[in-house]
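Observations on the model geometry
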Amino acid sequence: MFSLQSGKLYKHTVNFKLQKTVLTSLDVLICELDMGDVELSEISAAVLPYLDVRQPRELQEAAVRIFKALATADPDATWLVLSDAVGCCLLPPHPCLTSVKLGTERRPKGIQYSGVVMDLVCELSCCIWRKYIM
C-alpha cells in the first residue's frame, strides 16, 4: 500500500489514485464524525507513514491535513503520536527533574520525516500550552 519505492509513473497508477482519494477524504470524515480514541489512534497509525519524505508530495500533504484534523479532535493525543514518531525530548521545567525522551519501540522503522512534522509538533505544542495557560 505504500509508495516508497515508486517512481514518477506511480502517480498515474490505480494504487496512487486510490490512496490519494482515501487520504483526501479522511480529514473531512474526522471532522464530521464523532470518533473515539481507538478510531483516532488507528487512523494516526495508518497515516503516519505517509509523512515520510519519500512519499509523493500529494500524499504527504493529505497526511498533514489529516493530522491537523486529528489535532482538532484530540490535540493532546495527536501531539504525543507525532512527538513519539520524531523522537522528541521533553525538557523538564526545573533542572532537578530529568528529561523524557519520546520515540520508543512504537516508532516506525526506516521513516524519514520532513520538517513539516516538526512544524506540526511545534504548532500543537503552542496550542496545548495556550489551552492550559488561559
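For clarity, every value in this text was computed on a predicted model and none was experimentally measured.

Structural notes on the confidence of the model for the protein chain
- Of the residues in the protein chain, 72% have a pLDDT of 70 or more, and the chain-wide mean is 79.
- Per-residue pLDDT, averaged within each element of the protein chain, yields its smallest value for strand β1 (residues 89-90) (62) and its largest for helix α3 (residues 57-73) (92).

Some details on the packing of helix α1 (residues 14-32) against helix α2 (residues 37-47)
- The interhelical angle for the contact between α1 and α2, taken along N-to-C directions, is 160 degrees, at an axis separation of 12 Å. By the angle between their axes, α1 is roughly antiparallel relative to α2. Here the hand of the crossing between α1 and α2 comes out left-handed. Of the residues in α2, those touching α1 at Leu23, Leu26 and Ile30 are Leu40, Ile43 and Val47.
- Tallied by class, residues from the contact of α1 with α2 come to six nonpolar, no polar and no charged.

Looking at the packing of aromatic side chains
- Across all of its chains, the model carries one aromatic pair by this definition.
- Here the aromatic rings of Tyr10 and Phe16 are separated by 5.9 Å at their centres, their planes lie at 75 degrees, and the arrangement is edge-to-face. You'll find Tyr10 and Phe16 in the same group, each marked buried.

What to know about the nonpolar core
- By size, the foremost hydrophobic cluster in this structure holds 30 residues, and its most contacted members are Val47, Leu51, Ile66, Phe67, Leu82 and Tyr113.
- Elements with a minimum of two residues in this core: α1, α2, α3, α4 (75-86) and α5 (115-133).
- Ranked by residue count, the leading element in this core is α3, at nine residues.

Describing the packing of α2 against α3
- Their axes nearest at 10 Å, the elements α2 and α3 cross at an angle of 160 degrees. Classified by the angle their axes make, α2 and α3 are roughly antiparallel. Regarding α2 and α3, the two cross each other, and that crossing is left-handed. On α3, the residues touching Leu40, Ile43, Ser44 and Val47 of α2 are Ala63, Ile66, Phe67, Leu70 and Ala73.
- Taken together, the residues of the contact of α2 with α3 sort by class into eight nonpolar, one polar and no charged.

A few points about the environment of Thr72
- Mapped onto the elements of the fold, Thr72 is located in helix α3.
- Residue classification places Thr72 among the exposed residues on the basis of a relative accessible area of 64%.
- Along the sequence, Thr72 and Ile30 sit 42 residues apart, while their C-alpha atoms lie 9.0 Å from each other.
- There is a polar contact of 3.1 Å between the side chain of Thr72 and the backbone oxygen of Lys68.

Thresholds applied
- Residues numbered from 1 in each chain as written.
- Predicted model: local features only at pLDDT ≥ 70, side-chain atom pairs only at ≥ 80, totals over all residues.
- Heavy atoms only, no water.
- pLDDT = per-residue confidence, 0-100.
- Helix = DSSP H or I, 4+ residues; strand = E, 2+ residues; numbered from the N terminus.
- Axes fitted to C-alpha atoms, helices over the stretch in contact; angles between N-to-C directions.
- Parallel < 35°, antiparallel > 145°, perpendicular 65-115°, else oblique.
- Left-handed = near helix turned anticlockwise from the far one by under 90°.
- Contact = heavy atoms within 4.5 Å.
- Nonpolar A, V, L, I, M, F, W, Y, C, P; charged D, E, K, R; others polar.
- Phe/Tyr/Trp six-rings, centres within 6.5 Å; stacked < 30°, edge-to-face > 60°.
- Buried < 20%, exposed > 50% of the residue type's maximum accessible area, 1.4 Å probe, protein only.
- Core = buried A, V, L, I, M, F, W, Y, C linked by side-chain atoms within 4.5 Å.
- Polar contact = N/O pair within 3.5 Å; in protein donor to acceptor, adjacent residues only side chain to side chain.

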